[in-house]
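Structural features, examined
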Amino acid sequence: MTNPITHRFASFDGTQLAWHELGEGRAVVLLHGFFSDAATNWIKYGHAAAVAARGLRVIMPDLRAHGMSGKPHDGAAYPLDVLARDGLALVAHLGLTDYDLGGYSLGGRTTGRMLAMGATPRRAVVSGMGYEGVTSVGQRIDFFRRVLTEPGFARGTPEWAAQAFLKTTGGDPAALVHLLDSFVSTSDAELARIAPPVLVLCGADDRDNGSAEALAAALPDARFQAVPGNHMSAVTKPELGAAIADFLAA
């Protein structure tokens, strides 16, 4: 398996975004989680390689304000649904018609927003995300705003763990805090109109974004699958990549 190749493109507003690809075949676009990047979420623990080994071209953008992509500090660079708009811009830039789509955590929520806004993948994967995290984003916005703006959380608290992860990825709080203002909830009516088959994949001990089972039940053609771990650890387990690869290769 060759190493991922990195490319860049100008998104809908001219912001330069990076994307990485591995493998050949029908494309699958995979979106990483908040504070993370493609390398941490998909490459480091072998998930991209597992999917590419099944004959797929894995396309992994670094989301706006993350990784090797642009990190503007101007709030005007983060309109509502900016990440979904970036994702749709990447699909258009690459001329993708026969493709799959998926994401973890924020990437899973963004996958849902792309579907609600007209993306037409063959199959979709929403992982590390539950019903409440999709339909009511306010609670997670408040949590991450505290993480990005307040110091000194007690060791072992969820806020402390999130700040520790932010340090490991070298995140830019001044950019990331603006991204919070772009988050949009997805309504039950929008979920009911999502047509492609969806795998809702979540750690067995992950309740950070509500009920993944309830999210699967709210979608017309979805099934829920649990993998080992909680929200932070599930992404380090090989079972996550194996489940995505099995679903997309079917």
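See the structure above.
Quick look at the structure, then. (Residues numbered from 1 in each chain as written. Predicted model: local features only at pLDDT ≥ 70, side-chain atom pairs only at ≥ 80, totals over all residues. Heavy atoms only, no water.)

**Points about helix α3 (residues 82-94)**
Applicable threshold: Only DSSP runs of H or I reaching four residues or more are called helices, and only runs of E reaching two or more are called strands; each is numbered from the N terminus. To estimate how far a helix should reach, multiply one less than its number of residues by 1.5 Å. Think of it in three bands: with a 1.4 Å probe and only protein chains considered, a residue is buried below 20% of the maximum accessible area for its type, exposed above 50%, and partly exposed in between.
An ideal rise of 1.5 Å per residue puts 18 Å on 13 residues; α3 measures up with 18 Å between its terminal C-alpha atoms. Listed as buried for α3 are V82, L83, A84, D86, G87, A89, L90 and V91. Phi turns positive one or two residues past the end of α3, at G95, with a value near 65°.

**Quick notes on the environment of T40**
Convention followed: When checking whether two residues touch, look at their non-hydrogen atoms; a contact exists if any pair is within 4.5 Å.
Mapping T40 onto the fold places it in helix α1 (residues 38-43). The sequence separation of T40 and T169 amounts to 129 residues, and the corresponding C-alpha distance is 7.9 Å. For T40, the contacting residues outside a window of four places in its chain are Y45, F165 and T169.

**Here's the deal with the packing of aromatic side chains**
Between two aromatic rings, the relevant description is the distance of the centres plus the angle of the planes. We count it as follows: In this scheme Phe, Tyr and Trp rings, the latter by its six-membered ring, pair at centre separations within 6.5 Å, and the angle between planes marks the pair as stacked below 30 degrees, edge-to-face above 60, and tilted otherwise.
Scanning all chains against the criterion turns up five aromatic pairs. Measuring from centroid to centroid gives 4.6 Å for F34 and F35, while their planes differ by 35°, and the two rings are tilted. Using a relative accessible area of 8% as the deciding quantity, one classes F34 as buried. Here F35 falls in the buried class, since its relative accessible area comes to 3%. On the basis of an interplanar angle of 80° and a centroid distance of 5.0 Å, the ring pair of F143 and F144 is categorised as edge-to-face. This pair shows no difference in class: F143 is buried, exactly as F144 is. Through a chain of ring-to-ring contacts, three or more aromatic side chains come together here, namely F34, F35, F143, F144 and F183.

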